[in-house]
Amino acid sequence: MYEVDFVEFPSSSATASGEFFTRAFGWAVTPYGPDYTDVRATGLTFGFQADAAERPRAPLVTIRTDDLAAARTAVEAAGGVVTAEPFAFPGGRRFHFREPGGSELAVWCRE
């Protein structure tokens, strides 16, 4: 199973980004400290990363799976290159990869 279910955006202020979407659209916000905020919209959750060491260069689409190892095998077999080894984060584990056209994405699973 593979399903796009999250997008992470770079932000200079995760708090300000979250507050904007609450005021503008009434969406629920879950802050994870000063540098990260999740925003829950209908059908999709997205986050804002303000930590300069963790902030993606561009929006990072994440794909949910039930089997992280199988997903990595499939990504590499299809010509993708792993750019960040699997790591834990609140909610699960993920790895990042670059597809042949140059876009970086991530695959994650619940632990």
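Below or above, wherever it landed, is the structure these notes cover. (Residues numbered from 1 in each chain as written. Predicted model: local features only at pLDDT ≥ 70, side-chain atom pairs only at ≥ 80, totals over all residues. Heavy atoms only, no water.)

## Considerations on the overall build of the protein chain
Rules: By the criteria applied, helices consist of DSSP H or I runs no shorter than four residues and strands consist of E runs no shorter than two, each listed in order from the N terminus. Throughout, exposure labels follow a simple rule: accessible area from a 1.4 Å probe, protein chains only, divided by the maximum for the residue type, with under 20% read as buried, over 50% as exposed, and the rest as partly exposed. For this analysis, residues touch if any pair of their heavy atoms sits within 4.5 Å. For the charge count, each Lys or Arg is scored as positive and each Asp or Glu as negative, with His and the chain ends excluded. Note on charges: their place is set at NZ of Lys, CZ of Arg, CG of Asp or CD of Glu.
Counting its secondary structure elements, the protein chain contains 2 helices and 8 strands. Helices (α) and strands (β) of the protein chain occur, in sequence order from the N terminus, as β-α-β-β-β-β-α-β-β-β. Dimensions of the protein chain along its principal axes, counting C-alpha atoms only, are 45 × 25 × 25 Å. The proportion of buried residues among the 111 residues of the protein chain is 37%. Sequence-distant contacts, at least 24 apart, represent 49% of the contacts inside the protein chain between residues at least 6 apart. Side chains of the protein chain carry 10 positive and 15 negative charges; the gap between the two charge centres is 2 Å.

## Here's the deal with helix H1 (residues 14-25)
Our working rule: Expected helix span is computed as 1.5 Å times (number of residues minus one). Think of it as the arc spanned by the lines of direction from the helix axis to the C-beta atoms.
For H1, spanning 12 residues, the distance from its first C-alpha to its last is 16 Å, which sits close to the expected 16 Å at 1.5 Å a residue. Among the residues of H1, Ala14, Ser17, Gly18 and Phe21 are the ones counted as buried. For H1, the angular spread of the buried residues around the axis is 95°, confining them to a single face. Where H1 is buried, its residues touch strand S2 (28-31), strand S3 (36-41) and strand S4 (44-49). A positive phi of about 75° marks glycine 26, the residue just after H1.

## A few points about the packing of aromatic side chains
Note the cut-off: In this analysis, rings of Phe, Tyr and Trp, with Trp reduced to its six-membered ring, are considered paired at centre separations within 6.5 Å, and the interplanar angle assigns stacked below 30 degrees, edge-to-face beyond 60, and tilted for intermediate values.
One pass over the structure, following the stated rule, counts 13 aromatic pairs. Ring plane angle 90° and centroid distance 4.9 Å describe the contact between phenylalanine 20 and phenylalanine 21, whose orientation is recorded as edge-to-face. A residue is classified by how much of its surface remains accessible, and phenylalanine 20, at 42% relative accessible area, is partly exposed. Measuring from ring centre to ring centre gives 6.2 Å for phenylalanine 95 and phenylalanine 97, while their planes differ by 45°; the resulting arrangement is tilted. Three or more aromatic residues link up through ring pairs in this structure, and these residues are Phe9, Phe20, Phe21, Phe25, Trp27, Phe46 and Phe48.

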